[in-house]
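# Coordinates in review
Each chain, written out:
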Amino acid sequence: MDIFDKTSAEKKSIGFSYQDYVALKHALELKPGESIGIEVFDDVHLESISGKKTLIQVKHSINNSSNVTNKDIDLWKTLYNWSEAIKLVDDKDVKLVFYTNKKLTLENGIVQLLSATIKNKKDIKAEIKSILKEHKNHEDEIYKFISTIHNLPAKMANRLFESISFSHSEIEIINQIKLILKTFSVPDNKINDAFHNISGAFFEHKYKVVKNSKKITITYEEFRNNLGIDRIIQITRNCINSFDQYYQFESAYPENIDSKISYKQLQDIKINPNAVMKYINEMAKTEAFIQKLLSDGELTKKEEDLIYNKLFDEWESQHTIKYITESYSEINPVHISSAVSICLELISKCEITVENNKLPRSMTTGAFLILSDEPRIGWLQHWESIYK
């Protein structure tokens, strides 16, 4: 187990935490071509377009009055982890950031020396030697960390010390994120909504990745498009993209039509074969179009769910009303007539809007067919006993 696996193994929680919010803050600051990792090389790491890395160790205290002291075990453990990490990271100019909500001690010593803009490596080494000499308990963990740093070869020690910086802010991390959202021109009255939607998408993605035992690395493009962050920002700024591009979207043609439940449902209610093929093709086109919007970040998962939930609600209302005084256990001409009436009423008259954008008629038809293919809906009264 190398130092990166060890760092990852020590992190047990995949829930909300200070570290997650720090990662989200840096993800919002990514530029095209850059990426962010969580618990890969460190708590958080950034990778530039050229491949240069910034390793970020995140430390949080619920005690607002606590400081990073000269004998802070979190500091020495971090220095120890970094001394091991830089052996495995090729970048000569790797950056090491100690990110904390704790204040830095004002006492003279290792913290002030390491946080200085210009590092006096001779003084740093002398201070480490002094701390090691004064530390009486040679059996505790902090002695191991201090002695390891003290015994580093000169070249590696210099590289370590030159790479270190501290990041501390009096502004609470969530407020830091909200300030960043302001730079995206999100209106003040929508900042909270944007924050909750973006953090929700980010943490859901992290949960799924960790659940599948995978390392978390997210590129700028994945963050802004696949996670739907750009779309969320567009919505909160009222810059909503229209569904009109559906009309220019290339048609899709499904395979294995005979095996599709949506196809069987239309056949069973005697819909004209030409109309059946038209509706099935609209289903395939709609499914491909929605996936394209999702992958491009022009539609969020929440919006997709809203579309299908609205369609289901319309179907449920029509289905319930149509069969409220009827009872069928088999398919017969009268039953078919009722089923056709429901199907045609929905696909010809139902109007669905999302954020004031109306779905094209054929997209609505395709979406109904997608639901019938799952199947979440049916045209016959006893459809569940046949198709589920």
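Owing to the predicted nature of the structure, the values given are computational and were not obtained by experimental measurement.

## Points about the overall build of the chain
Check the secondary structure of the chain and you find 17 helices and 10 strands. Principal axes of the C-alpha set define a box for the chain whose edges measure 95 × 40 × 40 Å. Here the chain, with 388 residues, has 47% of them falling under the buried criterion. Sequence-distant contacts in the chain: of pairs separated by 6 or more residues, those separated by 24 or more amount to 70%. When the accessible area of the chain is evaluated, it comes to approximately 19,900 Å², of which 49% is carbon and sulfur surface.

## What to know about the nonpolar core
With 44 residues, the main nonpolar core has Phe 243, Leu 266, Ile 269, Ile 280, Leu 311, Phe 368 and Trp 379 as its most contacted residues. Looking at this core, the elements with two or more residues in it are α12 (261-268), α13 (273-295), α14 (301-322), α15 (333-349), α16 (361-373) and α17 (383-387). In terms of residue count, α13 provides more of this core than any other element does, eight residues in total. Counting residues in each nonpolar core, the second largest holds 38 residues, with Val 58, Ile 173, Val 186 and Phe 195 among its members.

## Section: the packing of aromatic side chains
Going through the model one piece at a time under the given rule, you end up with 13 aromatic pairs. Geometrically, the ring pair formed by Phe 249 and Phe 289 is edge-to-face, given 5.3 Å between the ring centres and 65 degrees between the ring planes. Here the residue Phe 249 occupies a position in the loop between α11 (229-236) and α12, and Phe 289 occupies one in helix α13, the gap between them amounting to 40 residues. One cation-aromatic arrangement involves Lys 178 over Phe 195; the distance from NZ or CZ to the ring centre is 5.4 Å. One Lys or Arg, Lys 285, reaches over the ring of Tyr 246 and ends 4.5 Å from the middle of that ring.

## Looking at the state of the cysteines
Applying the stated rule across the entire model yields zero disulfides. The thiol of Cys 350 is not disulfide-bonded; the next cysteine sulfur, from Cys 343, is found 12 Å away.

## Examining the pairing of strand β1 (residues 35-38)
By the alternation rule, side chains of β1 split into Ser 35 and Gly 37 and Ile 36 and Ile 38, which are all buried. Pairing of β1 with strand β2 (residues 44-47), which is carried by four bridges, proceeds in the antiparallel orientation. The residue bridging Ile 36 from the neighbouring strand is Leu 46, located in β2. Of the pairings in the sheet, the one linking β1 to strand β8 (residues 216-219) comprises four bridges and is antiparallel in character. Within the sheet, the bridge partner assigned to Ile 38 lies in β8 and is Ile 216.

## A few points about the pairing of β2
Where β1 folds back onto β2 in an antiparallel hairpin, the turn is made up of five residues, including Glu 39, whose phi is positive at roughly 60 degrees. Relative to strand β3 (residues 53-59), β2 runs antiparallel, the two sharing four bridges. Across the sheet, the residue bridging to Val 44 is Ile 56, located in β3. From the end of β2 to the start of β3, which pair antiparallel, there are five residues, and Gly 51 there has a positive phi angle of about 95 degrees.

## Some details on the layout of surface pockets
Approximately 780 Å³ is the volume found for the largest pocket. Around the largest pocket, the lining is made up of 26 residues, and of these Ala 201, Leu 227, Thr 300, Lys 301 and Lys 302 lie nearest the centre. Of all elements in the fold, only α9 (191-211), α11, α13 and α14 reach the threshold of two or more residues within the lining of the largest pocket. Ranked by residues supplied to the lining of the largest pocket, first place goes to α9 with seven residues. Classifying every residue of the lining of the largest pocket by side-chain character gives eight nonpolar, nine polar and nine charged.

## Some words on the sheet that holds β1
Taken in spatial order, the six strands line up as β7-β5-β3-β2-β1-β8 in an open sheet, and their pairing is mixed. One side of each edge strand has no neighbouring strand; the edge strands of this open sheet are β7 (164-168) and β8. Taking each pair of neighbouring strands and ignoring which way they run, the sheet shows an average axis angle of 20 degrees. In the packing of helix α7 (residues 154-163) onto the sheet, the strands contacted are β5 (95-100) and β7, and the crossing angle to β7 comes to about 25 degrees.

## Details of the confidence of the model for the chain
Looking at the chain as a whole, the pLDDT averages 88, with 94% of positions reaching at least 70. Contacts for the low-pLDDT stretch residues 6-16, under 50 throughout, to residues beyond four places or in other chains number 18 contacts.

## Structural notes on α13
In a regular helix each residue adds 1.5 Å, so 23 residues correspond to 33 Å; α13 covers 33 Å between its end C-alpha atoms and thus fits that length. Within α13, burial applies to Val 276, Tyr 279, Ile 280, Glu 282, Met 283, Ala 284, Lys 285, Thr 286, Phe 289, Ile 290, Leu 293 and Leu 294. Where α13 is buried, its residues contact α10 (220-226), α12, α14, α15 and α16. Following α13 by one or two positions, Gly 297 adopts a phi angle in the positive range, close to 75 degrees.

## A short note on the pattern of salt bridges
Side-chain pairs of opposite charge can arise where the charged atoms are in close proximity. Counting across every chain of the model gives 16 salt bridges. Between Lys 53 and Glu 47 there is a salt bridge, and its shortest N-O distance comes to 4.0 Å. Among the salt bridges present, the one from Glu 345 reaches Lys 349, with a minimum N-O distance of 3.7 Å. With Glu 345 and Lys 349 both in helix α15 and four residues apart, this pair spans about one turn of that helix. Here Glu 345 falls in the partly exposed class, since its relative accessible area comes to 28%. For Lys 349, a relative accessible area of 55% gives the class exposed. Taken together, the shared-partner salt bridges in this structure form one network comprising Lys 301, Glu 304 and Asp 305.

What counts and what doesn't
Residues numbered from 1 in each chain as written. Predicted model: local features only at pLDDT ≥ 70, side-chain atom pairs only at ≥ 80, totals over all residues. Heavy atoms only, no water. Helix = DSSP H or I, 4+ residues; strand = E, 2+ residues; numbered from the N terminus. Buried < 20%, exposed > 50% of the residue type's maximum accessible area, 1.4 Å probe, protein only. Contact = heavy atoms within 4.5 Å. Areas by Shrake-Rupley, 256 points an atom, 1.4 Å probe, with all protein chains shown as cover. Core = buried A, V, L, I, M, F, W, Y, C linked by side-chain atoms within 4.5 Å. Phe/Tyr/Trp six-rings, centres within 6.5 Å; stacked < 30°, edge-to-face > 60°. Lys NZ or Arg CZ within 6 Å of the ring centre and 35° of its normal. Disulfide = S-S within 2.5 Å. Pairing = 2+ DSSP bridges. 1 Å grid on protein atoms, 1.4 Å probe; cavity = no way out; pocket = protein on both sides within 12 Å on 5 of 7 lines; lining within 4 Å. Points joined across faces, edges and corners; volume = space filled by probe spheres on them. Nonpolar A, V, L, I, M, F, W, Y, C, P; charged D, E, K, R; others polar. Axes fitted to C-alpha atoms, helices over the stretch in contact; angles between N-to-C directions. pLDDT = per-residue confidence, 0-100. Expected span 1.5 Å × (residues − 1). Salt bridge = Lys/Arg side-chain N within 4 Å of Asp/Glu carboxyl O.

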